[in-house]
Amino acid sequence: MDQDNVTNSYKLGDRNTSDVTVRLRNREGRPELFYCHSIILKTKSKFFAEKLCQSRAVSSIEIHCSDSDYDHYVELLRRFYLPGDSLVDSWDSIGSVIGILQVASTLLCEEITLSCIQYLEAVPWDDKEEEQILKAVSKLGPVAMPILARIQPVNLIATKNVFLSAIRFATSSGGPCPPFGDELKTSAQEQVDYMLGEDEDTPLVTANEEVKTEVKMGLSRICLSFENNLSSLLVETDCAYEVAENKIMQSLSDLEWMCSILPKMDLMKEFVAKWAEISGNVLMVVEDKKLNSFMWGFKVKLIEVTAKILEAVGYGNVILPAPCRVKLLKTWLPYIRKMKPLLDSICNDDRSFPYKMDEDLCQSIEGAIVSLILALPSNDQAEILADWMNTEQVKYPDLSEAFEVWCYRTKSAKRRLMEGLETVSDGNAALSL
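Cut-offs applied
- Residues numbered from 1 in each chain as written.
- Predicted model: local features only at pLDDT ≥ 70, side-chain atom pairs only at ≥ 80, totals over all residues.
- Heavy atoms only, no water.
- Helix = DSSP H or I, 4+ residues; strand = E, 2+ residues; numbered from the N terminus.
- Buried < 20%, exposed > 50% of the residue type's maximum accessible area, 1.4 Å probe, protein only.
- Contact = heavy atoms within 4.5 Å.
- Areas by Shrake-Rupley, 256 points an atom, 1.4 Å probe, with all protein chains shown as cover.
- Pairing = 2+ DSSP bridges.
- Axes fitted to C-alpha atoms, helices over the stretch in contact; angles between N-to-C directions.
- Core = buried A, V, L, I, M, F, W, Y, C linked by side-chain atoms within 4.5 Å.
- Expected span 1.5 Å × (residues − 1).
- Arc of directions from axis to C-beta.
- Parallel < 35°, antiparallel > 145°, perpendicular 65-115°, else oblique.
- Left-handed = near helix turned anticlockwise from the far one by under 90°.
- Nonpolar A, V, L, I, M, F, W, Y, C, P; charged D, E, K, R; others polar.
- Phe/Tyr/Trp six-rings, centres within 6.5 Å; stacked < 30°, edge-to-face > 60°.
- Lys NZ or Arg CZ within 6 Å of the ring centre and 35° of its normal.

This brings us to the overall build of the protein. Helix and strand content of the protein: 20 helices and three strands. Here the protein holds 433 residues, and 39% of them are scored as buried. Considering only intrachain contacts with a sequence separation of at least 6, the fraction spanning at least 24 residues in the protein is 70%. Approximately 24,300 Å² of the protein is accessible, and the part contributed by carbon and sulfur atoms is 52%.

Now the structure itself:
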């Protein structure tokens, strides 16, 4: 008689045919009897087979289990009486299968252990369940390989290829992918961010020249898309401005995302150099009289992206020659200085106006500009500070800290110069004697 016929011939709890009982202590601490059959127990569990072979007179076997394991042992005994091909279909939740797997491995139930692994390998898990599964299978050895294969690290070549594909999708500038629109592209960008999280393999991938080349190409695609969308603004009809604004806002969002990943790959300088190159053309379009009274969301987003550039340069994360830093500052400072009070004024007149420079953004820009100014040659500092004090918008950005430091340094420099001249004069007098 094969195993399935055996299991079909008996039922758990049938006292008339039972020849052995299994004693489990229930949650109240009292032993509970389960009427079983020795032929079933020996077939399904090496633990029970060993116990029953020790003596022919064995009529009861006691299992010591914890409160948390009690239900799992009961479910295990019930599945002893199922045909092997029905086991996988009997599982109904990851939590219960993990518990049954643990007690099945304790009682050396090979068939049920394999069925549990087959189920767990095939269903989706969340992070918490994954930790529980790993704990449960950690001592099972080779039989757990189907589960471990799902979570073992992939080799660097595979990781690199996935990363390259994600970068290409995240930086694509074509039309949306129906029916999901831009959701897939956004998801790809989020996954690239996640893949760049700090772990031991990340530097090996990000340092790869092929990866860096692909990221640079992606940056070029986004910048080109931004410039094309920007140039179209001045030729669009009034009814087409909404579509044009949506396109250029997407380009700016993509550039803002690039600002978050480029520093992790030591490529931020590529974007800063490109931004400095196109800044003049960008402001020429943005400040055109045709755009004076609308596209505020675009203008605020433009300032947010520029803020990241100013931070990178101002805090020394991207090293540029002094003339480039001066040009960058002189290009964007007047625009930021003009937009802040203008946006505030509109907000004061219309409380529902959604576009403004929030406090965090303002502080970020102000701190970056102060830091940037203080790293310039003294004459350039003086020119920028003089221009600041001669404008009506002296409140923002507040450059008083930079002005104070400049004054102190100027006096110190003059004092050092005078001391140097006196030293030279004294030396010449000594030589004449």
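Once the structure has been displayed, the description carries forward.
Reading across the sheet, the three strands line up as β2-β1-β3 and stay open at both edges, with mixed pairing between neighbours. Each edge of the sheet is formed by a strand with only one pairing partner; in this case those strands are β2 (31–36) and β3 (60–63). If you compare each strand with its neighbour and ignore which way they point, the axes differ by 25° on average. Contacting β1 (20–25) and β3, helix α3 (residues 46–54) crosses the sheet at an angle of about 135° to β3.

Membership of the largest hydrophobic core comes to 81 residues, with the highest contact counts inside it found for Phe226, Phe271, Trp275 and Ile365. For this core, the element with the most residues is helix α16 (residues 296–314), which contributes 11 residues. Residues contacting Ile365, with those up to four places away along its chain left out, are Ile303, Ala307, Leu310, Ile336, Met357 and Tyr396.

Our focus in this paragraph is the side chain of Thr306. With respect to the helices and strands, Thr306 occurs in helix α16. Classification of Thr306 by relative accessible area gives buried; the value is 1%.

Taking 1.5 Å as the rise per residue, helix α19 (residues 378–389) with 12 residues should run 16 Å; its terminal C-alpha atoms sit 16 Å apart, in good agreement. Among all positions of α19, only Gln381, Ile384, Leu385 and Trp388 are buried. End-on view of α19: buried residues confined to an arc of 95°, all on one side of the axis.

What follows concerns the packing of helix α15 (residues 268–286) against helix α17 (residues 322–349). Look at α15 against α17: their axes get within 10 Å of each other, and the N-to-C directions meet at 30°. As judged from the angle between their axes, α15 and α17 are roughly parallel. Between α15 and α17 lies a crossing whose hand is left-handed. Each of Trp275, Ala276, Ser279, Gly280, Val282, Leu283 and Val286 in α15 lies in contact with α17, whose residues at this interface are Leu328, Thr331, Trp332 and Tyr335. In the contact of α15 with α17, the residues fall into eight nonpolar, three polar and no charged.

Before going further, it helps to examine the packing of aromatic side chains. The geometry of an aromatic ring pair is captured by the separation of the ring centres together with the interplanar angle, meaning the angle of the planes. A complete count under the given rule lists nine aromatic pairs for this structure. Arranged with centres 5.4 Å apart and planes meeting at 70°, the rings of Phe47 and Phe48 form a pair that is edge-to-face. Since its relative accessible area comes to 22%, Phe47 is described here as partly exposed. Measuring from centroid to centroid gives 6.2 Å for Trp296 and Phe353, while their planes differ by 80°, and the two rings are edge-to-face. With Trp296 in helix α16 and Phe353 in the loop between α17 and α18 (359–374), this pair connects stretches of sequence that are 57 residues apart. Note on accessibility: Trp296 and Phe353 belong to one class, buried. These aromatic residues form a ring-pair network of at least three members: Phe226, Phe271, Trp275, Trp332 and Tyr335. Its end group placed over the ring of Trp125, Arg150 keeps NZ or CZ at 3.6 Å from the ring centre. Residue placement shows Lys340 over the ring face of Tyr396; its charged tip is 5.6 Å from the ring centre.

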